[in-house]
Amino acid sequence: MNAVRWIGISFFAIFFLFALLISVQNWNWAREIVEQQISGLTGRDFTINGNLTVDWSLTPHIRIEHIQFENAAWSKQPNMLELTALDMRVDLIELIKGRKLFPEIILTQPHIILQKSPQGEPNWEFTADAHDPESKTNIPLIERLRITEGRLVYQDFSVGTAITATLATIKEAAYEEEFTELYAEGNLKGHPLQINLKAGPLVALREADIPYPLTLSLQTGKTRVKVKGTVIQPLQLKGLDLQFAMQGPNPELLAPILGLPMPSLPPYRLEGDLSHHGHTWQINNLNGQVGDSDLAGMISVKLSETVPFIKADLKSTEIDLDDFGPLIGLAPDTGAGETASSAQKKKAKEETISPFVLPDDPIDFKELQAINADITLHSRRVKSKLPVDDLSMRIIIDNGHLTLTPLDFGVATGNIRTRVELDTTTQPAKSKIETEIRHVQLGEILRRFEIADDSAGLIGGQGIFWLKGNSIAEMSASADGGLLMIMTGGQLDNLLVELAGLDMGEALVALFDKDDDGKINCAYVDLPIHGGVMNMDNFIVDTQDTLFLSQGMIDLNNEELDLIIDPKPKDLSIFSARAPLHIAGTFKKPTFTPGASAILRGAASLALLPSAPIVSLYSFIQEEQEDKKAGGEKNIRCGGLVGAINEARKKAL
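Residues numbered from 1 in each chain as written. Predicted model: local features only at pLDDT ≥ 70, side-chain atom pairs only at ≥ 80, totals over all residues. Heavy atoms only, no water.

### A look at the overall build of the chain
Thinking step 1. Each helix and strand counted, the chain has 12 helices and 33 strands in total.
Thinking step 2. In the chain, buried positions account for 42% of the 653 residues.
Thinking step 3. If you take every contact in the chain between residues at least 6 apart in sequence, the share linking residues at least 24 apart comes to 49%. (Helix = DSSP H or I, 4+ residues; strand = E, 2+ residues; numbered from the N terminus. Buried < 20%, exposed > 50% of the residue type's maximum accessible area, 1.4 Å probe, protein only. Contact = heavy atoms within 4.5 Å.)

### Observations concerning the environment of M534
Thinking step 1. Position of M534 among the secondary structure elements: in strand β28 (residues 533-535).
Thinking step 2. With 27 residues separating them in the primary sequence, M534 and L561 have C-alpha atoms 9.8 Å apart.

### Observations regarding helix α2 (residues 31-42)
Owing to its 3.6 residues per turn, the α-helix brings residues three or four apart onto one side.
Thinking step 1. Between its terminal C-alpha atoms α2 stretches 17 Å, which fits the 16 Å expected from 12 residues at 1.5 Å a residue.
Thinking step 2. The complete set of buried residues in α2 reads E35, S39 and T42. The buried residues of α2 occupy an angular sector of 75° when projected down its axis, which confines them to one face. Facing away from the buried side of α2 by more than 90 degrees, the exposed set consists of Q36, Q37, G40 and L41.
Thinking step 3. Just past α2, the residue G43 takes up positive phi, approximately 80°. (Expected span 1.5 Å × (residues − 1). Arc of directions from axis to C-beta.)

### Some points on the side chain of H276
Thinking step 1. Topologically, H276 is positioned in strand β16 (residues 268-277).
Thinking step 2. Residue H276 is classed as buried on the basis of its relative accessible area, which comes to 12%.
Thinking step 3. A distance of 3.0 Å separates a polar atom in the side chain of H276 from the backbone oxygen of G278. (Polar contact = N/O pair within 3.5 Å; in protein donor to acceptor, adjacent residues only side chain to side chain.)

### Structural notes on the confidence of the model for the chain
Thinking step 1. For the chain, the mean per-residue pLDDT works out to 78, and 74% of the residues sit at or above 70.
Thinking step 2. Across residues 1-18, where pLDDT falls below 50, the model places zero contacts with residues more than four positions away in sequence or in other chains.
Thinking step 3. Every residue in residues 496-507 scores below 50 in pLDDT, and together they form 18 contacts with partners more than four places removed in sequence or on other chains. (pLDDT = per-residue confidence, 0-100.)

### Brief notes about the side chain of S431
Thinking step 1. Looking at where S431 falls in the secondary structure, it is placed in strand β24 (residues 430-441).
Thinking step 2. Under the relative-accessibility criterion, S431 is labelled buried at 10%.
Thinking step 3. Those residues in contact with S431, other than ones at most four positions away along the chain, are E421, L422, F465, W466, L467 and M475.

### Some words on the environment of M393
Thinking step 1. Within the fold, M393 resides in strand β21 (residues 390-398).
Thinking step 2. C-alpha separation for the pair M393 and T418, spaced 25 residues apart in sequence, amounts to 9.3 Å.
Thinking step 3. If near-sequence neighbours (up to four positions away) are discounted, M393 is found in contact with I375, T376, L377, L404, P406 and L407.

### Let's talk about the environment of G297
Thinking step 1. Locating G297 in the fold gives a position in strand β18 (residues 293-302).
Thinking step 2. In this structure the C-alpha to C-alpha distance between G297 and N287, which are 10 residues apart in sequence, comes to 7.0 Å.

### Some points on unusual backbone geometry
Thinking step 1. Cis geometry is adopted by the peptide bond preceding P406, which originates at T405 and carries an omega value of -5°.
Thinking step 2. With respect to the secondary-structure elements, P406 resides in strand β22 (residues 401-411).
Thinking step 3. The omega torsion of the bond from Q427 to P428 falls at 0°, within 30 degrees of zero and hence cis.
Thinking step 4. Notably, H66 is not glycine yet its phi reads approximately 55°, a positive angle.
Thinking step 5. Relative to the helices and strands, H66 resides in strand β3 (residues 61-70).
Thinking step 6. By relative accessible area, which is 42% here, H66 ends up partly exposed.
Thinking step 7. Even without being a glycine, N399 presents a positive backbone phi close to 50°.
Thinking step 8. Tracing the chain through its elements places N399 in the loop between β21 and β22.
Thinking step 9. Overall, the relative accessible area of 53% leaves N399 in the exposed class.

### Looking at the pattern of salt bridges
Thinking step 1. The full count for this structure, using the stated rule, is 11 salt bridges.
Thinking step 2. Notably, a salt bridge pairs R381 with E318, separated by 3.8 Å at the nearest N-O pair. Here R381, found in strand β20 (residues 372-383), pairs with E318, found in strand β19 (residues 309-320); they are 63 residues apart in sequence, far enough to count as distant.
Thinking step 3. Given a relative accessible area of 43%, R381 falls into the partly exposed group.
Thinking step 4. Residue E318 is classed as partly exposed on the basis of its relative accessible area of 27%.
Thinking step 5. Three or more residues joined by partner-sharing salt bridges are found here, namely R63, E65 and D87. (Salt bridge = Lys/Arg side-chain N within 4 Å of Asp/Glu carboxyl O.)

### Points about the pairing of strand β11 (residues 177-188)
Thinking step 1. As defined by bridge partners, β11 adjoins strand β12 (residues 191-199) across nine bridges and the pair is classed as antiparallel. Each residue of the ladder has a partner; that of L182, found in β12, is L197. (Pairing = 2+ DSSP bridges.)

### Thoughts on a nonpolar patch on the surface
Thinking step 1. Where nonpolar side chains cluster on the molecular surface, the patch consists of L58, I93 and I96 and spans about 340 Å² of accessible area.
Thinking step 2. Topologically, I93 is positioned in helix α3 (residues 92-96). (Patch = residues over 30% accessible without salt bridge, like charges linked within 9 Å, V, L, I, M, F, W, Y side chains within 5 Å. Areas by Shrake-Rupley, 256 points an atom, 1.4 Å probe, with all protein chains shown as cover.)

As C-alpha cells, this is what we get:
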C-alpha cells in the first residue's frame, strides 16, 4: 500500500510540474498557428500583433492582444475587426463532450465594421462559406459576455444606411449589478436614426429561466418608439413580455425600421403589448389614435411565409373617413380640429389650388404585392362629410389581389354594402366595384346638411363598375358599368323650402316651383357609364302632376358636367311657370342656370325606359311601402312612375 501511495504521489507531482511548466511557457509561438487556422477558414488575413497567454485550469484563461481581421476586398476600410484584447475562458470538460462552452468572454475596445456593398454583398460572408456551406459552425455557448468601450459600425451602401453604435457593459455601484448600454445614431435607408438601449447583463443571455430586462427608445425624424419589458431567452426571442408606445407623423415612415410596407396615414399614437411565438409577432391590447380616429384590437405578423402575412382584428368607437384619404392619394382635412402632418397639409393646399377634384397621384400597388393580409375593422360611429353612421369592413390581400368584402356603411337607418376587387398584378391595375344601396332614408341624409325634411322617402339601388388605372383619376376615366337608384315617397314643397338655403337652391326652386304641394310618387335614375362618361338620359322624378326628366352627361375624364333637367306637366292645360335647369361647368366649380337659356337639346323619351329595372329595385327599399286596400290589394308608391312609363309607350306606338 505504501508503494501504491508513493507511486500516486510521484505521478501527481510529475503532472503538477508538467502543468506548471506549461503555464509559464511562452505561448507566443502559437500565434502563427492561430493566425493560419483562422485565415485559412475565412479566406482573410487574421493577425495577432500582441501577446498570447494561457493560464491553465479546467477552465483555462486565454488572453490575446491587439487583434486585426481583414475586411472584404471591395471595402475601403482595411479591417473588419480591430480588438485591443480578447480574454476568454474555455470549459475543457464540455469541450471533451463535444460542446463549445465559454464561461466568460471579455472584449476590450472592439471596433467592428459590418458592411454591405452597393451590390448587396455582406462583408461577414467568407470565401470558405461560399464554397462549402456545410463548413459553417454553430455559434458557441457564451455564459458571460462583457464589452469595454465597444464600437460598431453598420453600413449598407445599397440602401443608404450608415449607423454607428457604442456598446459597453456598465456596473451600477448602488446595486452591484451589471447592465448593457448601447447608443446608436446615423441614417437608416436615408432617414435619421437614434437608438438608446439599456438591458440586463450579457451574462443572462443564455439563462433560459431568468427574465432579461430591457428598455429601448428609438427615434427617426419625428417618429418615436419606446419598448420596455422582459425576455426569457433574448437570443431566441422567446418569452417576450414587452410593452410598446409609438407616435409619429405618418406610419409609412416606420417601413424602413419594421421591414414591412406601411400605409400612408395622418399622425398617429399607438401602444400595446408585444409578444413573439415561433415566426409570428403579435400585438395585443392595441390602443391609440390615427389622425382623428381611435383604434383598438389585435395585430399579428407571420414571417415564415414567402411574404409576411398580417392578420388584424380592429375596432373603433369613431372613424374619421378623411384620415384614410392618403391611401388613395387624398390629403386629410386640415381645418380647425383636424389632425394632419406638415406634408399632408402641403398636399391639402395643393389640392385646394388644383382645378380638379379626383386625386391623380399614383397609388403604390407594389406594396400590396409585398404582403398578404386578412384585416377586419368595425366602427360604431363614422365622422364624414357623407351621411355615414357606422362602418364594417374586411380586407383580404392574397398575392397582389385585394378583396374588400364587405365594405358596409350604415347610412340613414339603411346601409350601403360594397364589394371591391383589385388586381395589382396587371399593369395598369384592374378593379371591380359592386354596390347595393338598401333602405336609406333621404330625410336622415338631409339632416346631415341641416335640411330637416321629414317627408323625404326611401332610397334603394345597385351598381357595378369595371375600372383600370393606378390612380383614382385614371380609374374613374376608364370606368364602365352603371348605377340604378330609386326613391319612394317625399313631399316636394317641404324639400324645396329647405333646399332654398343652398347655393343651388334658387335654381332648383325655379325648376320645381315651390308652390307645388304635390307628393313625390317615385324618383328613378339610371346612370350607365362607358369610358368614364356617365349618361343621365334616364333621370325621372314623378310627382302628382309633373314628370321631371333629364338629359346630358357627367364626364369623369375631364371632370365636367353638362346636364339639363326639364319639367313635363302631365296635364298641358294646366299653366306652369316651371323652366328647365342647366347644370354645367366642372366638378370643382359647377354652374346652375334656370330659365329659357337652359334649352333642352332633345326630349327624353319615357318609351325607352324599361319598367323592369324599377320593379327589381323594390327589394332595396326598407319595406314595400304598401297601403292595405279593400280585398288586400297592394298599392306600390312607385305606381305613378310605372303608369307614366306605360302611358308613354302607348303614345309612342
